[in-house]
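Topology and contacts: notes
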Amino acid sequence: MKIYFIVKPLSVIVFKKLQKSIEKTFDKKKYSLNILNTLNNGHAIDLAQKAISENANLIVACGGDGTINEVAQVLVETKIPLAIIPLGSGNGIARH
């Protein structure tokens, strides 16, 4: 199973903690894990399209409402599920 994590830029310390948590949670024998960092606004769209083209089974948006929105809009016409790890300052979507 291919899982793509699309991550809004975080501090190095927070990113390392997230990466360690992901690798600890998922068995590398069962899952192919791909952690992709966004570089700017709109980049999550490109990364989600890349994940789709590489036959992702699950895409995880790690960030705030903007990151989640960018990833979700690409997944609308697909059957690929979206998971969310809320890391934004407001997290309006996660709160609702």
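Refer to the preceding data block for the structure.
Residues numbered from 1 in each chain as written. Predicted model: local features only at pLDDT ≥ 70, side-chain atom pairs only at ≥ 80, totals over all residues. Heavy atoms only, no water.

Relative orientation of the contacting elements helix α2 (residues 43-53) and helix α3 (residues 65-75) amounts to 40°, with a least axis distance of 8 Å. When the interaxial angle is binned, α2 and α3 end up oblique. As α2 runs across α3, the sense of the crossing is right-handed. For the pair formed by α2 and α3, the contact residues are His43, Ala44, Ile45, Ala48, Gln49 and Ile52 on the first element and Thr67, Glu70, Val71, Gln73, Val74 and Leu75 on the second. (Axes fitted to C-alpha atoms, helices over the stretch in contact; angles between N-to-C directions. Helix = DSSP H or I, 4+ residues; strand = E, 2+ residues; numbered from the N terminus. Parallel < 35°, antiparallel > 145°, perpendicular 65-115°, else oblique. Left-handed = near helix turned anticlockwise from the far one by under 90°. Contact = heavy atoms within 4.5 Å.)

It is worth spelling out the pattern of salt bridges at this point. For the structure on display, the rule yields one salt bridge. With a shortest N-O distance of 3.8 Å, Glu54 and Lys50 are connected by a salt bridge. We classify Glu54 as partly exposed; its relative accessible area is 29%. (Salt bridge = Lys/Arg side-chain N within 4 Å of Asp/Glu carboxyl O. Buried < 20%, exposed > 50% of the residue type's maximum accessible area, 1.4 Å probe, protein only.)

Moving on, we get to the nonpolar core. In this structure, Tyr4, Ile6, Ile59 and Val71 are the most contacted members of the largest nonpolar core, which totals 15 residues. Residue assignment for this core shows that the elements contributing at least two residues are β1 (2-7), α2, β3 (58-63) and α3. One finds Phe5, Val7, Ile22 and Cys62 within the second-largest nonpolar core, a separate group that totals nine residues. (Core = buried A, V, L, I, M, F, W, Y, C linked by side-chain atoms within 4.5 Å.)

By the definition in use, this model includes two aromatic pairs. An angle of 70° between the planes, with centres 5.9 Å apart, marks the rings of Phe5 and Phe26 as edge-to-face. In this pair, Phe5 sits in strand β1 while Phe26 sits in the loop between α1 (12-25) and β2 (32-37), placing the two residues 21 residues apart along the sequence. The class of Phe5 is buried, set by a relative accessible area of 2%. Its relative accessible area of 22% is what places Phe26 among the partly exposed residues. Ring geometry for Phe26 versus Tyr31: centroids 5.4 Å apart, planes at 80°, classification edge-to-face. (Phe/Tyr/Trp six-rings, centres within 6.5 Å; stacked < 30°, edge-to-face > 60°.)

What follows deals with the pairing of strand β4 (residues 82-86). Pairing analysis gives five bridges linking β3 to β4, with the strands arranged parallel. Following the sheet pairing, Cys62 is matched in β4 by Ile85. With α3 bridging β3 and the parallel β4, this β-α-β connection has right-handed handedness. (Pairing = 2+ DSSP bridges. Right-handed = clockwise from strand over helix to strand, strands pointing away.)

Once that is clear, we can look at α2. For α2, the complete set of buried residues consists of His43, Ala44, Leu47, Ala48 and Ala51. Take α2 and look down its axis: the buried residues cluster within an arc of 135°, on one side only. Close packing links the buried residues of α2 with β1, β2, β3 and α3. Taken from the residues just after α2, Asn55 is the one with a positive phi, measuring 60°. (Arc of directions from axis to C-beta.)

Keep in mind these values describe shape, not function.
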